[in-house]
Amino acid sequence: MSRQQRSPIIQILLVLIAVLFVADVIVIGLCLKTPGSTKSNQKPSASQGSSNTPSPTDGTELPTEEAPQLVSTATVLSTGDILMHGKVINSGKQDDGSYNFDSIFQYVKSYAQAADFSVANLETTLCGTDNGYAYAGNPKFNCPDAIVDSLKGAGFDMLLTANNHAGDTMASGITRTVEIIRGKGLTALGSQLNADEPKYAVVDVNGIKIGMVCYTWAYSSNGSSFSLNGLTPIKDEGQMNYFLNNDPGKLYTASEQILEQMKADGAEATMMFIHWGVEYNIKENSLQDTMAQKLCDLGFDVIVGGHPHVVQPVDLLTSSVDPDHKTVVIYSLGNAVSNQRNGYISAAPPYYTEDGILFTVTFEKYSDGAVYLQSVDALPTWVNMRTDGAKQYNILPLDEDNQDQWAELFNLNDAMLSSAKKSMERTDSIVGVGMEKCRTYLEQQKADREAYYQDLASHPETYVPSTVPEETAGETIPETTAVTAPAA
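What this report covers is the structure whose coordinates are included nearby. Note that the coordinates shown come from a computational prediction; the quantities given were computed from them, not determined experimentally.

**Remarks on the side chain of E197**
(1) Moving on: Tracing the chain through its elements places E197 in the loop between β4 (187-189) and β5 (200-205).
(2) Moving on: Engagement of the side chain of E197 in a polar contact is seen with the backbone nitrogen of L193, the distance being 3.1 Å.
(3) Moving on: Excluding its chain neighbours within four sequence positions, the residues that come into contact with E197 are R182 and Q192.

Structure follows, in structure tokens:
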């Protein structure tokens, strides 16, 4: 037979061999494929299940990864202005000439100690009396160091040192205030010893790293010096975190950089403490709204405000950059303690300067490293000035759960008890709507999150574990709170 005659037969045989080879490959592939041998990369919603979940009795081996579990919670408590007027200072003077302010915090002590981390705004300086300043209140606040001892004894861990009175005793007062606070084992936030120190702190609270920063408005600045309260300008060496109301751009630029630095230091949640607004206004102004929205857009999780000396509303903001990002803001915590009694200040609305808040936020962390804002709470406080015996200024926690025991717990007469109830009503009328808005949202988010994780636990084949950085893999969660930056 010629070559031309055999060629078609050979071609047909080659085609048949190729078809058989492909068929064999398909059959082998089908035999090797088993249920559960692949893993979906799509996270199901809370209401979704798996349509092909293998039966535990069919011999299929389930994946060993577990769905994320809640591993830690961290509650941060913040209170308002520790506004040490002259009469408040004098109330702490002892017979031997020393000072003790423990009585101010005796009733809120249990709340501050119960929180995992507690913060207060120290609206005074600690300049001492060796620099030509006497102990005094307004307009040049200077308080004995004993106030820090009492705050520490009451359970506070951090004191905010950026406010409009932080420069009342000039640069020496700024420096000594930071030194005294640190020397007594607390963290000063908002002012530094020099420009080389970080302007923020990353605090490890029960294994959750929270980045915190504090800023205040300044009266004026020329780039080389600043004035916080219209007093003699202070040389600007980066000791104070401040911005100008007519040019908040400095705050935004600095905050954006600080956010990056805090996250580089491991921050998993962020809080901005800010001194802003107009004194004695029980509603925030448009500038506060604008600034809060910008800080939300930058990515802060919580904003805690002060300065107006009265309580201002709470709100839940939505980022205009990332609609999935929300920020809780309380525009002013009011006064924690002061001598701003009803009628003392004509510009202030009646009684509102006697009111404050213990504001708490709780973060939670899961085993996959995700951190969420779990809840918020606002407990009204009222400053009771006692004159029956030695004068005292007591911060009373107006807990509705034990309202029927206030008279006994706080040793109140009928007039005091009536004032306490009215204080709670005033504060609730200001923050109630916003708090309900925040709680409703956070509760729904938590319910959805738990439902989703429960679904993963029921259908582990759908779980794709997140990547854990090598330096944090296997890390043990600390049992105590520690400040990781900047200054312990």
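**A short note on the packing of aromatic side chains**
What characterises a pair of aromatic rings is the spacing of the ring centres plus the angle enclosed by the ring planes.
(1) Moving on: This model, assessed by the stated rule, comprises nine aromatic pairs.
(2) Moving on: Ring centres of Y99 and Y135 lie 5.6 Å apart, and the angle between their planes is 80 degrees; this geometry places the pair in the edge-to-face category. Note that Y99 is positioned in the loop between α2 (86-91) and α3 (102-105) and Y135 in the loop between β2 (117-123) and α5 (146-153), a separation of 36 residues in sequence.
(3) Moving on: In this structure Y135 comes out as partly exposed when scored by relative accessible area, which is 33%.

**Things to note about helix α8 (residues 286-298)**
(1) Moving on: End to end, α8 covers 18 Å across 13 residues, agreeing with the expected 18 Å (1.5 Å per residue, within 8%).
(2) Moving on: For α8, the full list of buried residues reads Q288, M291, A292, L295, C296 and L298. In a view along the axis of α8, the buried residues occupy a sector of 155 degrees, so they form one face of it.
(3) Moving on: Elements in contact with the buried residues of α8: β10 (242-244), α7 (249-264), β11 (269-275), β12 (302-306), β13 (311-318) and β14 (326-333).
(4) Moving on: For α8, the N-terminal cap is N285; the gap from its side-chain oxygen to the backbone nitrogen of L287 is 3.3 Å.
(5) Moving on: With its phi angle positive at about 120 degrees, G299 sits one or two positions after the end of α8.

**Quick look at the pairing of strand β16 (residues 355-366)**
(1) Moving on: Summarising burial for β16: 12 of the 12 residues are buried, a large majority.
(2) Moving on: Taking every second residue as pointing to the same face, both faces of β16 are buried, with D355, I357, F359, V361, F363 and K365 on one and G356, L358, T360, T362, E364 and Y366 on the other.
(3) Moving on: When strand β1 (residues 70-83) meets β16, the two strands line up antiparallel, connected through eight bridges. Along β16, the bridge assignment pairs T75 with T362.
(4) Moving on: The pairing of β16 with strand β17 (residues 371-386) spans 11 bridges and is classified as antiparallel. Note that in β17 the partner of F363 across the bridge is L373.
(5) Moving on: Here β16 folds back onto β17, and the loop between the two strands holds four residues, one of which, G369, carries a positive phi near 90 degrees.

**A word on the packing of α7 against α8**
(1) Moving on: Here α7 crosses α8 at 25 degrees, and the two axes come no closer than 10 Å. Relative to α8, the element α7 lies roughly parallel. Between α7 and α8 the crossing geometry is right-handed. Contacts between α7 and α8 pair L251, Y252, S255, E256 and L259 from the former with T290, M291, K294, L295 and L298 from the latter.
(2) Moving on: Tallied by class, residues from the contact of α7 with α8 come to six nonpolar, two polar and two charged.

**Brief notes about unusual backbone geometry**
(1) Moving on: Here the residue pair N138 and P139 is connected by a cis peptide bond, since its omega of 10 degrees sits within 30 degrees of zero.
(2) Moving on: Mapped onto the elements of the fold, P139 is located in the loop between β2 and α5.
(3) Moving on: The residue N206 is not glycine, and still its phi comes out positive at about 55 degrees.
(4) Moving on: Examined against the element boundaries, N206 turns out to sit in the loop between β5 and β6 (208-218).
(5) Moving on: Its identity as a non-glycine residue notwithstanding, Y351 has a phi of 75 degrees, on the positive side.
(6) Moving on: Within the element layout of this structure, Y351 appears in the loop between β15 (335-337) and β16.

What counts, and where the lines are drawn
Residues numbered from 1 in each chain as written. Predicted model: local features only at pLDDT ≥ 70, side-chain atom pairs only at ≥ 80, totals over all residues. Heavy atoms only, no water. Helix = DSSP H or I, 4+ residues; strand = E, 2+ residues; numbered from the N terminus. Polar contact = N/O pair within 3.5 Å; in protein donor to acceptor, adjacent residues only side chain to side chain. Contact = heavy atoms within 4.5 Å. Phe/Tyr/Trp six-rings, centres within 6.5 Å; stacked < 30°, edge-to-face > 60°. Buried < 20%, exposed > 50% of the residue type's maximum accessible area, 1.4 Å probe, protein only. Expected span 1.5 Å × (residues − 1). Arc of directions from axis to C-beta. Pairing = 2+ DSSP bridges. Axes fitted to C-alpha atoms, helices over the stretch in contact; angles between N-to-C directions. Parallel < 35°, antiparallel > 145°, perpendicular 65-115°, else oblique. Left-handed = near helix turned anticlockwise from the far one by under 90°. Nonpolar A, V, L, I, M, F, W, Y, C, P; charged D, E, K, R; others polar.

Nothing here speaks to function; it is all geometry.
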